[in-house]
Structure formats: C-alpha cells, structure tokens
Amino acid sequence: MAKVHMILQGKGGVGKSFVASTIAQYLIDQGEVPLCIDTDPINATFAGYAALDVVRLEILSDNEINSRLFDHLIEMIATATTPVIIDNGASSFSQLSNYLISADVANLVQQLGHELILHTVVTGGQALRDTLIGLDSLCSQFPPSVPVVIWLNPYWGAIEAEGKSFEQMRAYNEHRARISAIVKIPHLKAETFGQDLSELLQERKTFQQGLQAATSTIMTRQRLKIIRDQLFLALAESRAL
C-alpha cells in the first residue's frame, strides 16, 4: 500500500510547495524513495527541486481539468509502490477539488490499495481567514474517510484570532474528527534562521544540499540543520505520514 499525500489550499503563497518538499525530504531521510509530482499550472515551485526528481504534470487546460492528463496521474498513483506526494497550485484548487470529488477519486485510490491523505496549510496574518476557508472547503466536501493534516505556518504572523489559538477556532472544532494530525512549522527569527531558510527555498535546494554547500558559512549550516531537525521532529511527533 502506498500513501498518497496531496497538498491542497486555495490561498496562494502560504507554503504548499515548502510542505511538499519537507514531506519528500523527511521520507527520503527515513529511507523511502517517494514519487513527487507537481500539478501547479502556473508556479511549479516543487518541480524546481532537481534533487527530488519531481515530475511536472500540467493537468489544467483552458481553466478545466484535462481528463486525459488526469487519467495519467491516476495511472502513476495506481502503479506506485512508494509514497506519492502531489503539490497542486492555488489557481487550480477549485477545479481539482471538484474533479476529485465528482470522480470519487478517494474511494478509487482506496480500491487501488492505497490511502489518500490531504495536507493543507493554515497561516497567520491577513491570510488566516482565506486559509481557514480552504480548510473548511476540504473538510466539508471530501468523504469523511479521507484524513486531513493541518500545517500551521506562522511565517505571516501568529495563528490566532480574537485571542483564540487554532485549536480554539470554529474551523478546527467543526472538523476535528477529520483532522488526523497538526504539524506546527517553527517560528523562525527573520534575520537569521528565517533568512537562511528563505535563501534555501529561493534556490530550490534541499536541506541536505544546503548543509553540503561549500559557500555556506558554518553558522548558516548549523541553523539549517536546526530547522531541518525541528521540522522532522514535528512530523515524527505528529504521525502525519
């Protein structure tokens, strides 16, 4: 059985590709060889990670899901013997979600002997409301049998509203039975840890590449190691994968 990890969120720029690449790197660290797929029609950030051998599959044509290309995606999933990671863009969120639901893909994946797991990002600041709407949409429309993993990303600000933490918000409590895990991305000091991670992401490099880069300073490598270890520990403790 292969686990199919699909990252979906209707709000752009909240860290979906970061989540996809983190999942891939964690699984590789655990000895797995994941099949990585990028279906983002506009910003194929995940596909930019050469070290992860990401397959780019443009399943959107004329603002609609191309059924033939989607069929190819299902064939790739069907024959997978290792975890599958699919990163999808905000621009095709509604189209892909609706197609997945109308085609009953969750049950199909199960019939193929695999398990579909949805991952979505909730972030703070001005994007909080939009990401909560995305979460509500996923939990409301997909079958109850599909687990949902929440990634809390504090990059744009603390994830709180009116003094309430995420676990106290309506969006969480209404769907808590659907939420299988919460992964908390650590808050990073902008001028040190945050800058190091930002530069790594802009260059589409993995943590391993960053740690081996001869041009990095000793402290940059140390900070990247700390960030990687914190993320991997958060994933291990959440049992999201």
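Residues numbered from 1 in each chain as written. Predicted model: local features only at pLDDT ≥ 70, side-chain atom pairs only at ≥ 80, totals over all residues. Heavy atoms only, no water.

**So, the pattern of salt bridges**
All chains considered together, the criterion is met by 10 salt bridges. Arginine 170 serves as the salt-bridge partner of glutamate 174, at 2.8 Å between the closest nitrogen and oxygen. Placement of the pair is glutamate 174 and arginine 170 together in helix H6 (residues 170-175), with a separation of four residues, close to one helical turn. On the basis of relative accessible area, glutamate 174 is assigned to the partly exposed category, the value being 48%. Two residues, lysine 205 and glutamate 203, come together in a salt bridge whose shortest N-O distance is 3.3 Å. Through salt bridges with shared partners, one network takes in Lys225, Arg228 and Asp229. (Salt bridge = Lys/Arg side-chain N within 4 Å of Asp/Glu carboxyl O. Helix = DSSP H or I, 4+ residues; strand = E, 2+ residues; numbered from the N terminus. Buried < 20%, exposed > 50% of the residue type's maximum accessible area, 1.4 Å probe, protein only.)

**A short note on the layout of surface pockets**
Looking at the largest pocket, its volume works out to about 840 Å³. The wall of the largest pocket is formed by 33 residues, among which Gly13, Val14, Gly15, Phe18 and Leu201 lie closest to the centre. When residues of the lining of the largest pocket are traced back to their parent elements, those giving at least two are helix H1 (16-29) and helix H7 (190-202). Per element, the largest residue contribution to the lining of the largest pocket is seven residues, and it comes from H7. Considering only residue class, the lining of the largest pocket consists of 14 nonpolar, 15 polar and four charged. For the second largest pocket, the full set of lining residues is Leu128, Arg129, Leu132, Ile133, Asp136, Ala161, Glu162, Lys164, Met169, Arg170 and Ala171. Mapped by element, the contributors of at least two residues to the lining of the second largest pocket are helix H5 (128-141) and H6. Grouping the amino acids of the lining of the second largest pocket by side-chain chemistry returns six nonpolar, no polar and five charged. (1 Å grid on protein atoms, 1.4 Å probe; cavity = no way out; pocket = protein on both sides within 12 Å on 5 of 7 lines; lining within 4 Å. Points joined across faces, edges and corners; volume = space filled by probe spheres on them. Nonpolar A, V, L, I, M, F, W, Y, C, P; charged D, E, K, R; others polar.)

**Some words on the pairing of strand E2 (residues 35-38)**
Pairing geometry for E2 and strand E6 (residues 84-87), over four bridges, is parallel. Bridge assignment links cysteine 36 to a residue of E6, and that residue is isoleucine 85. Bridge analysis of E2 against strand E3 (residues 55-56) gives two bridges, and the strand direction is parallel. Bridge pairing in E3 places aspartate 38 opposite arginine 56. (Pairing = 2+ DSSP bridges.)

**Details of empty space enclosed by the protein**
Under the defined criterion, the tally for this structure stands at one cavity of 30 Å³ or more. Looking at the largest cavity, its volume works out to about 40 Å³. Forming the boundary of the largest cavity are Phe18, Ser21, Thr22, Gln25, Tyr49, Leu197, Leu200, Leu201, Lys205 and Phe207. Its residues placed into classes, the lining of the largest cavity shows six nonpolar, three polar and one charged.

**Points about unusual backbone geometry**
Phi angles above zero are rare outside glycine, and asparagine 63 is one such case at about 65 degrees. Along the polypeptide, asparagine 63 turns up in the loop between strand E4 (60-61) and strand E5 (64-65). Positive phi outside glycine occurs at aspartate 104, with the angle close to 50 degrees. Locating aspartate 104 in the fold gives a position in the loop between helix H3 (93-102) and helix H4 (105-111). The exposure class of aspartate 104 is partly exposed, given its relative accessible area of 37%.

**Quick look at the nonpolar core**
Counting residues in each nonpolar core, the largest one holds 42 residues, and the members touching the most others are Leu8, Phe70, Leu118, Val122 and Phe166. Of all hydrophobic cores here, the second largest spans 34 residues; its members include Ile117, Ile185, Leu224 and Leu231. (Core = buried A, V, L, I, M, F, W, Y, C linked by side-chain atoms within 4.5 Å.)

**Some remarks on the sheet that holds strand E11 (residues 179-184)**
Strand pairing in a sheet relies on backbone hydrogen bonds. The paired strands run either parallel or antiparallel. Across the sheet, which stays open at both edges, the seven strands sit in the order E3-E2-E6-E1-E7-E8-E11 with parallel pairing between neighbours. Two strands in the sheet have a free side with no partner beyond their single neighbour: E3 and E11. On the sheet, H1 packs against strand E1 (3-7), E2, E6, strand E7 (115-123) and strand E8 (148-153) and is oriented at approximately 165 degrees with respect to E6. (Contact = heavy atoms within 4.5 Å. Axes fitted to C-alpha atoms, helices over the stretch in contact; angles between N-to-C directions.)

**Observations regarding the side chain of arginine 178**
If you trace the backbone, arginine 178 turns up in the loop between H6 and E11. Aspartate 136 provides the closest opposite charge to the buried, salt-bridge-free arginine 178, at an N-O distance of 9.5 Å. A distance of 3.0 Å separates a polar side-chain atom of arginine 178 from the backbone oxygen of proline 143. A distance of 3.4 Å separates a polar atom in the side chain of arginine 178 from the backbone oxygen of proline 144. Ignoring sequence-local partners within four residues, the contact set of arginine 178 consists of Leu138, Cys139, Phe142, Pro143, Pro144, Val146, Pro147 and Val148. (Lys, Arg positive; Asp, Glu negative; His and termini not counted. Polar contact = N/O pair within 3.5 Å; in protein donor to acceptor, adjacent residues only side chain to side chain.)

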